Amino acid sequence: HTPRDSQLAAGIICFEVAGITAEAVVDKLLERHIIASVSPYATPYARIAFGIMNTPEEVSVALRAIADLSGK
């Protein structure tokens, strides 16, 4: 759900996994030692952020974990 427009996008990525609540996504990622949170908005989304301290491998691990949750 993060806007594609570079003027609106930031380092926080909001997303959802079909059939799983945002809270459950965050809990399942934490079981894999991946820290995410739930957005504090009327419609909650799982969200994750990467920074300069994250390696490309860490980003790949997080993306694989999210893909595993979605069954893809």
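Whatever comes next refers back to the structure up there.
Section: the environment of N54
Thought 1: Tracing the backbone shows N54 in the loop between strand 3 (46-49) and helix 2 (56-70).
Thought 2: Since its relative accessible area comes to 27%, N54 is described here as partly exposed.
Thought 3: C-alpha separation for the pair N54 and G19, spaced 35 residues apart in sequence, amounts to 29 Å.
Thought 4: If near-sequence neighbours (up to four positions away) are discounted, N54 is found in contact with A49 and V59.
Thought 5: A polar contact is formed between the side chain of N54 and the side chain of E58, at a distance of 3.5 Å.

Some remarks on the layout of surface pockets
Thought 1: Space inside the largest pocket adds up to approximately 170 Å³.
Thought 2: Around the largest pocket, the lining residues are H33, I34, I35, I48, A49, F50, N54, E58, V59, V61 and A62.
Thought 3: Elements supplying a minimum of two residues to the lining of the largest pocket: strand 3 and helix 2.
Thought 4: When residues of the lining of the largest pocket are assigned to their parent elements, the largest contribution, four residues, is made by helix 2.
Thought 5: Looking at side-chain class alone, the lining of the largest pocket contains eight nonpolar, two polar and one charged residues.

A look at the pairing of strand 3
Thought 1: A one-sided burial pattern is seen for strand 3, the buried positions being A46 and I48 and the unburied ones R47 and A49.
Thought 2: Pairing analysis gives four bridges linking strand 1 (residues 12-15) to strand 3, with the strands arranged antiparallel. Pairing of I12 across the sheet is with A49, part of strand 3.
Thought 3: Where strand 2 (residues 37-38) meets strand 3, two bridges bridge the pair, whose relative direction is antiparallel. By the bridge assignment for strand 3, S37 is matched with R47.

Here we look at helix 1 (residues 22-31)
Thought 1: Among the residues of helix 1, those classed as buried are A22, V25, V26 and L29. Seen along its axis, helix 1 keeps its buried residues to an arc of 95°; they face one direction.
Thought 2: Where helix 1 is buried, its residues touch strand 1, strand 2, strand 3 and helix 2.
Thought 3: One or two steps after helix 1, the chain reaches H33, where phi turns positive at roughly 65°.

Rules of the game
Residues numbered from 1 in each chain as written. Predicted model: local features only at pLDDT ≥ 70, side-chain atom pairs only at ≥ 80, totals over all residues. Heavy atoms only, no water. Helix = DSSP H or I, 4+ residues; strand = E, 2+ residues; numbered from the N terminus. Buried < 20%, exposed > 50% of the residue type's maximum accessible area, 1.4 Å probe, protein only. Contact = heavy atoms within 4.5 Å. Polar contact = N/O pair within 3.5 Å; in protein donor to acceptor, adjacent residues only side chain to side chain. 1 Å grid on protein atoms, 1.4 Å probe; cavity = no way out; pocket = protein on both sides within 12 Å on 5 of 7 lines; lining within 4 Å. Points joined across faces, edges and corners; volume = space filled by probe spheres on them. Nonpolar A, V, L, I, M, F, W, Y, C, P; charged D, E, K, R; others polar. Pairing = 2+ DSSP bridges. Arc of directions from axis to C-beta.

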